[in-house]
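Tertiary structure, described
The lines below spell out each chain.
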Amino acid sequence: MSKRPSRRLGSREVTALLGDWSRPGTPAYRALAERLRLLVLDGRLPVHAVLPSERSLALDAGTSRTTTTAAYRLLREQGFARAEHGAGTWTAIPRGHAGPTSPVLWPILCGSLGSPDGRGDLTCAALEAPPQIHAAYVAALDDLPSYLPGHGYYSGGLPELRERVAARYTARGLPTAVDEVMITSGAIRGLRTALSLLARPGGRVLVEDPTYPMALDVMRESGLRPVGFAVEEGWDLDQAGQVLRRPGCEVAFLMPDFHNPTGQLMDATTRQALADRCAAAGCTIIVDETLCEIDLRGFLGDGGRVPPPLPAYCGGRTTMCLGSASKTFWGGLRLGWIRAPRSLVRTLLVSRSADELTCPLLEQLAVAHLLDDLPALRHRRQELLSARFTALRDALSEQLPDWQVPTPQGGIVSWIRLPEPRSSELAVSAREMGLVLAPGARFGVRGGFEGRVRLPFARGEDQLVGAVSLLARAWNSTADTGDPQLPVAVL
Ligand SMILES: Cc1ncc(COP(=O)(O)O)c(C=O)c1O
């Protein structure tokens, strides 16, 4: 007998995630089961959690109990739910299935970046390693003997690496000393560390909406409540101000260079305005700069200077920057950094959890070499990504001409506007064809964004073109087959 789940999902919670789940031409029970299956597969519904009762879901989702009963039955037949008398129905993954594409698992699934026929993973915005990675490891191995007589623990990070990271901030317009930098095992790890110090469980976090979903997951796991303000064509400062006026918003999480998923660069005026509003509300800003070196403007449009990092607008108030080697260099390095006032860095080092006393030495040495080679490496990354974006955009304009494909100013993804709000349906159909997509709702603080899909252009051009063919098939297979509300004319 399988272990009974302890976590229960409320029917309001599930209904909010369902959004508009009906599909014209598809029986209601099947459409409901498909949407629930998608929510399990993309990580929005946890696996092994009890679904609401058929009756309460029917009430909240505005449907009949017959529909919810039949939907749960279909999910059980497909292996996406299990039930036991007295324990209800809970979410599951069929035996042999790869499992959810939750952001936590994306990197694992990304092991297969895709095949030329387009199948594979189109959720992962990460590039293959450039040739310099191997050379950097070789150079690091050559450096290693001089470090072997020491104990190998560098609690703030290898001094040579901290120096280079600090120098890069200074060059970007934010003077930084070595002891204002601490090395972490990636930006997302840095976020967890930063939140543990700056936020109290139950507190609100101001976030852009849409935002980077793994950051939302980390906030929720830390017991925090993300509250969104809109980023569409630019950052909605009025909405940000409204959120900040509510009590309990002590931290803001922002991505000014370059926002994931919209690919926008925040201008200097907006930086100043947001810095001022946060200061007035006593809210500390955490800046995620994972994508800051992936500036595509010079290749896909007009270049120009990037404004200095956001802390330069905060007049000495406490801010934290999260950096990463993952996008500029390679995800396999698993290194990042925090830039913060030295007193905060000291506190972070003292409170750093026992499972991350220090980061691997060889990787730190390798990243120090890569930073020495930054201009050439960055240029090649930007060139490669611009060519891949152009291939993606051209294939989309040929095969799906009514999709709007904004040109990102930077980053690795395009936040595409669909002609109809059917992103989740598209993800369901694409998955059946072997293409895994993250629907727009995955990036919303409270779901939504059914009219958007985020497409990374990290894969090779042939693979992207293949993926677009599958996308076109998947989109056309979800097309409206007539409005069942209208009476069918009998001629
Ligand atoms: C905005 C943003 N932050 C953080 C990360 C994760 O960075 P790391 O691999 O350094 O943890 C990503 C990866 O996609 C990202 O896009």
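Residues numbered from 1 in each chain as written. Predicted model: local features only at pLDDT ≥ 70, side-chain atom pairs only at ≥ 80, totals over all residues. Heavy atoms only, no water.

1. Regarding the packing of helix H7 (residues 159-171) against helix H14 (residues 361-372)
For any two helices packed against each other, the geometry is given by the interaxial angle and the distance between the axes. Note the threshold: Between the N-to-C directions of two axes lies an angle of 0 to 180 degrees, each axis being a line fitted to C-alpha atoms and, for a helix, fitted only over the stretch in contact. Numbering of helices and strands runs from the N terminus, with a helix taken as a DSSP run of H or I at least four residues long and a strand as a DSSP run of E at least two residues long. It is the rotation of the near helix from the far one that decides the hand of a crossing: anticlockwise by less than a right angle makes it left-handed, clockwise makes it right-handed. We call two residues in contact when some of their heavy atoms are within 4.5 Å. Here the nonpolar group is Ala, Val, Leu, Ile, Met, Phe, Trp, Tyr, Cys and Pro; Asp, Glu, Lys and Arg are the charged ones; every other residue, Gly included, is treated as polar.
Orientation of H7 relative to H14, taken along the N-to-C sense of each, is 35 degrees, at an axis distance of 9 Å. For the pair H7 and H14, the crossing hand works out as left-handed. For the pair formed by H7 and H14, the contact residues are Leu161, Arg164 and Val165 on the first element and Gln364, Val367, Ala368, Leu371 and Asp372 on the second. For the contact of H7 with H14, the class distribution of residues is five nonpolar, one polar and two charged.

2. Here we look at the domain arrangement of the protein
Let me state the cut-off plainly: Boundaries between domains were set according to an automatic or database domain assignment.
In terms of domain boundaries, the protein breaks down into domain 1 (11-91), domain 2 (106-126 + 376-477) and domain 3 (132-373). When each unit is reduced to the centre of its C-alpha atoms, the spacing between domain 1 and domain 3 is 38 Å.

3. Concerning the pairing of strand E1 (residues 81-84)
Quick note on the threshold: Paired strands, as defined in this entry, are two strands with at least two bridges between them according to DSSP.
Across four bridges, E1 lies against strand E2 (residues 88-91) in antiparallel orientation. Following the sheet pairing, Glu84 is matched in E2 by Gly88. Two successive antiparallel strands, E1 and E2, enclose a turn made up of three residues, where Gly86 displays a positive phi of approximately 90 degrees.

4. Topic: the confidence of the model for the protein
Keep this limit in mind: By definition, pLDDT measures how confident the predictor is in each residue, and it falls between 0 and 100.
The predicted model of the protein averages 90 in pLDDT, with 92% of residues at 70 or higher. pLDDT under 50 marks residues 102-112. Its contacts with residues more than four places away, or in other chains, come to 25 contacts. Note that pLDDT drops below 50 for residues 481-491; the model gives that stretch five contacts with residues more than four away or on any other chain.

5. Quick word on the packing of aromatic side chains
To describe a pair of aromatic rings, you give the distance between the ring centres and the angle between the ring planes. Definition in use: Pairing of aromatic side chains requires ring centres within 6.5 Å, counting the rings of Phe and Tyr and the six-membered ring of Trp. Pairs whose planes differ by under 30 degrees are stacked, by over 60 edge-to-face, and all others tilted. Buried residues are those whose accessible area, probed at 1.4 Å on protein chains only, stays under 20% of the maximum for their type, while exposed residues exceed 50% and partly exposed ones sit between those limits.
Tallied over the full model, the rule gives four aromatic pairs. On the numbers, 5.2 Å between centres and 65 degrees between planes, the contact of Phe389 with Phe457 is edge-to-face. Within this pair, whereas Phe389 is found in helix H15 (residues 374-399), its partner Phe457 is found in the loop between strand E14 (452-456) and helix H17 (461-477), the two being separated by 68 residues in sequence. In this pair, the class of Phe389 matches that of Phe457, namely buried.

6. Points about the sheet that holds strand E7 (residues 234-235)
Strands sit in the order E4-E11-E10-E9-E8-E5-E6-E7 across an open sheet of eight strands; the sheet is mixed. Since the sheet does not close on itself, it has two edges, and those belong to strand E4 (181-184) and E7, each with one partner. As paired strands, strand E8 (residues 249-254) and strand E9 (residues 284-288) are joined by four bridges and run parallel to one another. Of the residues in E9, the one forming a bridge with Val251 is Thr284.

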